[in-house]
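This is what each chain is made of:
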Amino acid sequence: MLYVYAVTADHIADSDDLLPEEGILPDVPVRRFRWGTLAAVASPVPDTVFGAATLPGRLEDAPWTRACVLAHQRVVSALLPAATVLPLKFCTLFSGEPALSAAIAGHREALERAVDRLRGAREWGVKLFFETPAPVARLPETVGAGAGAAFFRRKREEQQARLAADAALDLCVATSHRRLASHARAAVANPVQPPELHRQPAVMALNAAYLVATADETAWRACLSDLERTYAAAGARYVLTGPWGAYNFAGAGLV
Amino acid sequence: MSEPPPIPSRTSGEIAVADLLDRVLHKGLVLWGEATISVAGIDLVYLGLKILLTSTDTVNRMREAASAPPDGRNHHAG
């Protein structure tokens, strides 16, 4: 059977020479199967590992799965400089070349539209964090007459400060995404990640991906730098990742 | 195709790891075909990965893989 990493197009002349040597498993080769302008990059893999009967059990082996995820990503990244790449979801498997060939033929128009969308652009990730705010400094407790009124006044002031901070944060997030998207061919705001996943001592407020034309990358990066300068004092911290295979933009309109 | 000059990205290890998992496991094209047996129970994989992410060794290895150069050929699963 075949493990398929990506569908590719617009191959440079020697792109097959740039295929990585190591596939989803350390000892399987990586091959390109061509159908006219489209191709698929895949590895022959044993049924005893990736067959429907054995794969679910294998995936429960965390170190093995981890190695496979990294291997999938390595292959996709290796393809980026030499073609337009539509990354496929992890563990896309076909019984063999005839089945893969039929799937490509059956989806050819949609695949070609996806290639048109992604041609000459790269995906970047931007995460926006706000540093966890320091605890509000408390005034010494008032005692005696008027203590109750002071307590409620302080509560009210704290609540107003929180609301103002929330509004400022929302505006920063919305402005950041809108401005970055305006320099991108496509943009998506994904669900923010929980702290266990991002492991930062901060609150994630935006988890976005942008498909940026290579010709617009300089302007897009300048926009990001400008946002950083504008919102640094407000506690905003931007984290850039990439370039990625266009995982976030390959699928729209196909399924 | 003219390749623009490489731009260094400011990527911290844990962030890149989480990004990598999000993309490889949850995004990407779904190419359904007659003989496709693409894994539907991706949540199972994700759950497993969340557990293994708590291992320091895993995070270090993920960081190494995630910070690999775009051609990715300098790193191999060890």
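Residues numbered from 1 in each chain as written. Chains lettered and ligands numbered in written order. Predicted model: local features only at pLDDT ≥ 70, side-chain atom pairs only at ≥ 80, totals over all residues. Heavy atoms only, no water.

Where an unreviewed UniProt entry is consulted, chain B appears under the name Gas vesicle protein, with the organism given as Ancylobacter dichloromethanicus. According to UniProt, the comment filed for chain B under the heading Subcellular location (unreviewed entry) is "Gas vesicle". (UniProt positions renumbered as here; feature names shortened; annotations may be inferred.)

In the annotation of an unreviewed UniProt entry, chain A is listed under the name Gas vesicle protein and assigned to Ancylobacter dichloromethanicus. Chain A has a UniProt comment under Sequence similarities (unreviewed entry) that states "Belongs to the gas vesicle GvpF/GvpL family." The heading Subcellular location (unreviewed entry) in the UniProt record of chain A holds the text "Gas vesicle".

Draft legend 1. Focus on empty space enclosed by the protein. Under the definition given, this model contains one cavity of 30 Å³ or more. Volume-wise, the largest cavity comes out at about 50 Å³. Along the walls of the largest cavity sit Lys-127, Asn-190, Asn-207, Ala-208 and Asn-248 of chain A together with Asp-19, Asp-22, Arg-23 and Lys-27 of chain B, which together make up its complete lining. Breaking the lining of the largest cavity down by element, the ones donating at least two residues are β7 (202-213) of chain A together with α1 (13-26) of chain B. (1 Å grid on protein atoms, 1.4 Å probe; cavity = no way out; pocket = protein on both sides within 12 Å on 5 of 7 lines; lining within 4 Å. Points joined across faces, edges and corners; volume = space filled by probe spheres on them. Helix = DSSP H or I, 4+ residues; strand = E, 2+ residues; numbered from the N terminus.)

Draft legend 2. Summary view of the sheet that holds strand β6 (residues 186-190) of chain A. Residues and elements named next belong to chain A. Across the sheet, four strands lie side by side as β6-β7-β5-β8; this open sheet has antiparallel pairing. Of all the strands in the sheet, the pair left with one neighbour each is β6 and β8 (236-244). Averaged over all adjacent pairs, the angle separating strand axes in this sheet is 20°, with direction ignored. Bridge analysis of strand β5 (residues 121-131) against β8 gives seven bridges, and the strand direction is antiparallel. Paired with Gly-125 across the bridge in β8 is Thr-241. Along the sheet face, helix α6 (residues 147-182) touches β5, β6, β7 and β8 and points at about 15° away from the line of β7. (Pairing = 2+ DSSP bridges. Axes fitted to C-alpha atoms, helices over the stretch in contact; angles between N-to-C directions. Contact = heavy atoms within 4.5 Å.)

Draft legend 3. Quick peek at the pattern of salt bridges. Residue and element names in this part refer to chain A. Per the stated rule, a full pass over the model turns up nine salt bridges over all chains. When the shortest N-O distance is used, the salt bridge between Asp-226 and Arg-179 registers 2.9 Å. Pair noted here: Asp-226 is in helix α8 (residues 217-231) and Arg-179 is in helix α6, with a separation of 47 residues, a long-range link. A relative accessible area of 26% means that Asp-226 is categorised as partly exposed. Residues joined in a network through salt bridges with shared partners are Asp-10, Asp-116 and Arg-119. (Salt bridge = Lys/Arg side-chain N within 4 Å of Asp/Glu carboxyl O. Buried < 20%, exposed > 50% of the residue type's maximum accessible area, 1.4 Å probe, protein only.)

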